[in-house]
Amino acid sequence: MSGEELRGKNLRLAAKLIGVAVLMFGFGYALVPLYDVLCELTGQNATLESVAKTESEFKVDESREITMEFLTSLNRAVPMDFKVETPSLKIHPGQYYSVGFHAKNLSDRRIKVRAVATYTPGLVKEYVTKVICFCELEQIFDPNEEKNMTVRLVVDPKLPERYKNITLSYTFFEITEKSEN
């Protein structure tokens with residue numbers, strides 16, 4: 001093989017490798033919008049808009065029973081203890097329920113946190129109204145401070161029959177640095 005043929009093969013190989021690298025970069029760049037579209041279509045990991053609503057009258061549907069589960073978690077190294085008092089409820093659409101949560105700052109410094117709520121399946125968020133929620137505002141915890149917090153909610157009786165289980169998950173994120181800058 002002559003030097004000219006070898007040089008041509010090397011240039012074609014380099015062009016192919018650059019093309020693959022560009023395609024990989026483009027795919028990586030497109031993953032976030034693709035993930036958002038997929039989550040919207042499937043209703044998974046949908047975040048909840050934090051807007052408190054006034055209590056409305058609904059006709060309670062006592063013929064239906066939905067299991068509502070409550071989960072708590074902490075993002076990264078948030079120095080807290082965070083628990084729900086009632087991990088699961090059997091609820092009737094149209095009836096209001098209050099659920100208690102307990103949080104404690106385990107550190108010796110003042111922290112600011114905010115809870116983010118998500119529903120699974122995500123499509124049910126349109127049918128669940130939170131009247132009172134600790135996630136509406138940032139929470140400030142002094143060193144070793146404990147708080148009892150409440151979520152008051154109702155599931156709209158218009159919730160499609162296929163939904164028998166709803167999971168409401170709260171994750172606390174520390175925002176101390178962000179709010180002090």
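One can find the structure itself at the top, above this paragraph.
What counts and how
Residues numbered from 1 in each chain as written. Predicted model: local features only at pLDDT ≥ 70, side-chain atom pairs only at ≥ 80, totals over all residues. Heavy atoms only, no water. Salt bridge = Lys/Arg side-chain N within 4 Å of Asp/Glu carboxyl O. Buried < 20%, exposed > 50% of the residue type's maximum accessible area, 1.4 Å probe, protein only. Helix = DSSP H or I, 4+ residues; strand = E, 2+ residues; numbered from the N terminus. Core = buried A, V, L, I, M, F, W, Y, C linked by side-chain atoms within 4.5 Å. Contact = heavy atoms within 4.5 Å. Pairing = 2+ DSSP bridges. Axes fitted to C-alpha atoms, helices over the stretch in contact; angles between N-to-C directions.

Student: Explain the pattern of salt bridges here, please?
Tutor: Pairing of side chains with opposite charge becomes possible as their charged atoms draw close. In the structure shown here, the tally under the stated rule is five salt bridges. Note that Asp-81 and Lys-83 form a salt bridge whose closest N and O atoms lie 3.5 Å from each other. When its relative accessible area of 27% is taken as the criterion, Asp-81 is described as partly exposed. We classify Lys-83 as partly exposed; its relative accessible area is 48%. In this structure, Lys-104 engages Glu-146 in a salt bridge whose closest nitrogen and oxygen atoms are separated by 3.9 Å. Of this pair, Lys-104 sits in strand S5 (residues 96-105) while Glu-146 sits in strand S9 (residues 146-155), and the two are 42 residues apart along the sequence.

Student: How do you make sense of the nonpolar core when you look at a structure like this?
Tutor: With 34 residues, the main nonpolar core has Met-68, Phe-70, Phe-101, Phe-134, Ile-166, Tyr-170 and Phe-172 as its most contacted residues. Elements represented by at least two residues in this core include exactly strand S2 (66-74), strand S3 (80-84), strand S4 (88-91), S5, strand S6 (111-120), S9 and strand S10 (165-174). Excluding residues within four positions of it along the chain, Phe-70 makes contact with Val-84, Thr-86, Pro-87, Leu-89, Val-99, Phe-101, Leu-153 and Leu-168.

Student: What exactly am I supposed to notice about the sheet that holds S3 here?
Tutor: Across a sheet, paired strands are connected by hydrogen bonds in the backbone, their directions being either parallel or antiparallel. Here we have four strands laid out as an open sheet, ordered S3-S5-S9-S7, and antiparallel in their pairing. Of all the strands in the sheet, just S3 and strand S7 (128-132) have a single pairing partner and so form its edges. Recorded for the sheet is a direction-independent mean angle of 30° between the axes of neighbouring strands. Relative to S5, S3 runs antiparallel, the two being bridged by five bridges. The residue bridging Met-80 from the neighbouring strand is Asn-105, located in S5.

Student: Looking at this model, I keep getting lost on the pairing of S10. Mind explaining?
Tutor: Along a regular strand, successive side chains alternate from one face of the sheet to the other. Most of S10 is tucked away: seven of the 10 residues are buried. Two strands pair when backbone bridges link them, and S2 and S10 are joined in this way by eight bridges, in the parallel orientation. Its bridge partner lying in S10, Glu-69 is registered against Thr-167. When S6 meets S10, the two strands line up antiparallel, connected through eight bridges. Looking at the pairing, Tyr-119 lines up with Leu-168 of S10.

Student: How should I be thinking about the environment of Ile-91 in this particular structure?
Tutor: Tracing the chain through its elements places Ile-91 in strand S4. As a C-alpha pair, Ile-91 and Asp-61 span 30 residues in sequence and 9.6 Å in three-dimensional space.

Student: Sorry, what's going on with unusual backbone geometry here?
Tutor: Omega for the bond connecting Thr-120 with Pro-121 falls within 30 degrees of zero, at -5°, which places this linkage in the cis form. In this fold, Pro-121 is placed in the loop between S6 and S7. In this structure, Asn-144 is a non-glycine residue whose phi angle is positive, near 60°. Relative to the helices and strands, Asn-144 is located in the loop between strand S8 (139-141) and S9.

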